[in-house]
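# Close look at the chain arrangement
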Amino acid sequence: MPNYKVIAALSLVALAACQPRSLPPVAPGGQDMPVAHQISAAEEQQIPIRVLQQINTLRGNIAAPPLALNPQLSAAALAHSRDMSAQNRAWHWGSDGSSPLDRARRAGYFGTVIGENISESYENDIQTLSAWMGTRDTRDVIMDPAATNLGFAWYQEPSGKVWWTLLTGS
């Protein structure tokens, strides 16, 4: 005669396996979307300083001169971060066809624009900087010894997606 307790226990295990699981959100390409971190007002003050410190530490390792935050380059970076969000794509051209140099000039920066790094992510500032340092082209913008100025800004959408822009100049 079958053991009803064993059958009941196995039935419960089988039913538990059929219960729906909570799965992470999935992006259109089938990739898991990370949980978004909302940047707080306190972090807004700390992020540019933290990024500047990290960059200057990295530059110091190769004897490159330190960068100084430049408010005009940061204003140009913020304008571009907002514009990339409005366009819903990360690229170096503004919705009006502007280049990084055009945006820097509009913001009142009349030095030499060395380069621009951009990113669309759910990552924080240090993770974004780390990703830029992991790619030669974006690393070269950050580490260029001719650079003396840094503009850094972001725009965060209500969804948590962050549009990052970094500009270097001299």
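Every value quoted in this text rests on a predicted model; they were computed, and no experiment measured them.

### Thoughts on helix α3 (residues 71-87)
Under the 1.5 Å per step criterion, the end-to-end length of α3 is 24 Å for 17 residues, consistent within 8% with the ideal 24 Å. For α3, every residue scored as buried is listed here: Leu73, Ser74, Ala76, Ala77, His80, Ser81, Asp83, Met84 and Ser85. Buried residues along α3 sit in contact with β1 (68-69), α4 (100-106), β2 (113-121), β3 (149-156) and β4 (162-169). At the N-terminal boundary of α3, the capping side chain belongs to asparagine 70, with an oxygen 2.9 Å from the backbone nitrogen of glutamine 72. Of the residues trailing α3, asparagine 88 is marked for its positive phi of about 60°.

### Some details on the sheet that holds β3
Within the open sheet, the 4 strands sit side by side as β1-β3-β4-β2. Their pairing is mixed. Since the sheet does not close on itself, it has two edges, and those belong to β1 and β2, each with one partner. Pairing of β2 with β4, which is carried by 8 bridges, proceeds in the antiparallel orientation. Note that in β4 the partner of isoleucine 118 across the bridge is threonine 165.

### Focus on the side chain of threonine 168
Note that threonine 168 resides in strand β4. You can call threonine 168 buried: its relative accessible area is 0%. Of the polar contacts made by the side chain of threonine 168, one reaches the backbone oxygen of valine 141; its length is 3.4 Å. Not counting residues within four places of it along the chain, the set of residues in contact with threonine 168 comprises Leu67, Leu73, Thr112, Val113, Ile114, Gly115, Val141, Ala147, Asn149 and Leu150.

Rules behind the numbers
Residues numbered from 1 in each chain as written. Predicted model: local features only at pLDDT ≥ 70, side-chain atom pairs only at ≥ 80, totals over all residues. Heavy atoms only, no water. Helix = DSSP H or I, 4+ residues; strand = E, 2+ residues; numbered from the N terminus. Expected span 1.5 Å × (residues − 1). Buried < 20%, exposed > 50% of the residue type's maximum accessible area, 1.4 Å probe, protein only. Contact = heavy atoms within 4.5 Å. Polar contact = N/O pair within 3.5 Å; in protein donor to acceptor, adjacent residues only side chain to side chain. Pairing = 2+ DSSP bridges.

As far as function goes, none of this settles anything; it's purely spatial.
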